[in-house]
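Architecture at a glance
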Amino acid sequence: MLYHIAQGDVYSTEFMDNSLASTLLKGADLRFNVYNNSTVTASGAPINATNFNATNGVIHLVDNVIHPVPFGTIGDVIAISPAFKTLRKAVAAANLTGMLKSEAVTLTLFASTDRAFAKLPKGYLDKLLKNKTELTAVLMYHLVRGALYVAGMPEEGNVTTLEGGALYISVCESEYYNKVWVGGADLTYPDATATNGVIQVIDQVLSPTATRRPGANLGCISTAGETKAKNPMHKMMDNEINVLPWRPEKL
């Protein structure tokens, strides 16, 4: 709960894109983002109503519990998470560890898990790790400048990666579930806030040279009798549990 309480009176006029507000949880700032679709978020949670005055402050309404609490940079998370051993090795080989740990720039990392890397053709990963130029291009294609939370993603459209190429994103919202495709990969754990951005966990390794077809949205079609609760993305898919160790004491 302390992460939901900003210090002082923070009114909606102060919600600037990528602005920060100190909370009662020491060392964990709320990050505000303003997107082109008019959505405003607090660490990824859409803000639905604002500026309800109280005798001791101001209240804003959000439609999600703001979680997880950031405990370090994107690089810190990658460094200790058991699900990102291969990604950690690749980032080190490309000399990108410093960038992912820097607080000087805000980033979104579409983070491929070890299972995602295991889907690559046999021998490709070893070849990639030996080619720093190609490896760097692949990793930079997984990075977007700014904090891109699900609420701010285009329903269908491209975002520009640090590699320079366009990454196609498609968001499907239905009565039964929400689903996000990123360059053909499934987003399996969304909106993991870090102190220098956000991590979006995906189940494939993206390639800047792969053919990307607009209209990759498979449609919001539910199977007969489907009873999934809406927005099950917030539970790990494929039994991939503890992909992100969101406890500061583990640092």
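Structural data are supplied above this passage.
The following paragraphs examine the structure supplied in this document. (Residues numbered from 1 in each chain as written. Predicted model: local features only at pLDDT ≥ 70, side-chain atom pairs only at ≥ 80, totals over all residues. Heavy atoms only, no water.)

1. Some words on empty space enclosed by the protein
- Taken as a whole, this structure holds 1 cavity of 30 Å³ or more when the rule is applied.
- Of the voids in this model, the largest cavity is the one considered here, and its volume is about 50 Å³.
- If you go around the largest cavity, the residues you meet are Leu87, Val91, Leu96, Leu100, Leu109, Phe110, Leu139, His142 and Leu143.
- At the level of elements, helix 2 (85-93) and strand 6 (107-112) are the ones that each hand at least two residues to the lining of the largest cavity.
- Across the lining of the largest cavity, the residue classes tally to 8 nonpolar, 1 polar and no charged. (1 Å grid on protein atoms, 1.4 Å probe; cavity = no way out; pocket = protein on both sides within 12 Å on 5 of 7 lines; lining within 4 Å. Points joined across faces, edges and corners; volume = space filled by probe spheres on them. Helix = DSSP H or I, 4+ residues; strand = E, 2+ residues; numbered from the N terminus. Nonpolar A, V, L, I, M, F, W, Y, C, P; charged D, E, K, R; others polar.)

2. Digging into the pairing of strand 8 (residues 156-160)
- Of the two faces of strand 8, only the one carrying Gly157 and Val159 is buried; Glu156, Asn158 and Thr160 on the other face are not.
- By the bridge criterion, 5 bridges tie strand 8 to strand 9 (residues 166-173) in an arrangement that is antiparallel. The residue bridging Gly157 from the neighbouring strand is Ile169, located in strand 9.
- Remark: 5 residues form the turn of the hairpin made by strand 8 and strand 9, two consecutive strands paired antiparallel; Gly164 in that turn has positive phi of roughly 105 degrees. (Buried < 20%, exposed > 50% of the residue type's maximum accessible area, 1.4 Å probe, protein only. Pairing = 2+ DSSP bridges.)

3. Brief notes about the sheet that holds strand 10 (residues 178-182)
- Strand order in the open sheet made by the 7 strands is 7-6-12-11-10-9-8, with mixed pairing throughout. In this open sheet, the two edge strands, each paired with only one partner strand, are strand 7 (143-145) and strand 8. Averaged over all neighbouring strand pairs, the angle between strand axes comes to 30 degrees, with direction disregarded.
- The pairing of strand 10 with strand 11 (residues 185-194) spans 2 bridges and is classified as antiparallel. Residue pairing across strands places Trp181 opposite Asp186, the latter belonging to strand 11. (Axes fitted to C-alpha atoms, helices over the stretch in contact; angles between N-to-C directions.)

4. Concerning the sheet that holds strand 4 (residues 45-54)
- In spatial order, the strands read 1-2-3-4-5; together these 5 strands make up an open sheet with antiparallel pairing. Looking at which strands have only one partner, the edges of the open sheet turn out to be strand 1 (19-22) and strand 5 (57-62). Taking the axes of each pair of neighbouring strands and ignoring which way they run, one obtains an average angle of 35 degrees across the sheet.
- Alignment of strand 4 against strand 5, held across 5 bridges, turns out to be antiparallel. Bridge assignment links Ala49 to a residue of strand 5, and that residue is Leu61.

5. Points about the pattern of salt bridges
- Scanning the entire structure with this criterion turns up 3 salt bridges.
- The partner of Lys101 in a salt bridge is Asp76, and the shortest N-O contact between them spans 4.0 Å. Of this pair, Lys101 sits in helix 3 (residues 97-101) while Asp76 sits in helix 1 (residues 74-80), and the two are 25 residues apart along the sequence.
- Across the salt bridge formed by Asp203 and Lys119, the nearest N and O atoms sit 3.8 Å from each other. A residue pair is termed long-range when its members are at least 10 positions apart, and Asp203 in the segment after strand 12 (197-202) and Lys119 in the loop between helix 4 (114-118) and helix 5 (124-129) qualify at 84 residues. (Salt bridge = Lys/Arg side-chain N within 4 Å of Asp/Glu carboxyl O.)

6. Some points on the environment of Cys172
- Note on placement: Cys172 falls in strand 9.
- On the accessibility criterion, Cys172 (0% relative accessible area) is buried.
- Along the primary structure Cys172 and Glu156 are separated by 16 residues, whereas in three dimensions their C-alpha atoms are 8.9 Å apart.

7. Here we look at the packing of aromatic side chains
- Following the criterion strictly, the structure yields 1 aromatic pair and no others.
- Taking the centre distance of 4.5 Å and the plane angle of 25 degrees together, the rings of Phe15 and Phe32 count as stacked. In this pair, Phe15 sits in the segment before strand 1 while Phe32 sits in strand 2 (residues 29-34), placing the two residues 17 residues apart along the sequence. As far as the burial class goes, Phe15 and Phe32 line up, both buried. (Phe/Tyr/Trp six-rings, centres within 6.5 Å; stacked < 30°, edge-to-face > 60°.)

8. A word on a nonpolar patch on the surface
- On the surface, Leu2, Ile5 and Leu24 cluster together into a nonpolar patch covering about 250 Å² of accessible area.
- Within the fold, Leu24 resides in the loop between strand 1 and strand 2. (Patch = residues over 30% accessible without salt bridge, like charges linked within 9 Å, V, L, I, M, F, W, Y side chains within 5 Å. Areas by Shrake-Rupley, 256 points an atom, 1.4 Å probe, with all protein chains shown as cover.)

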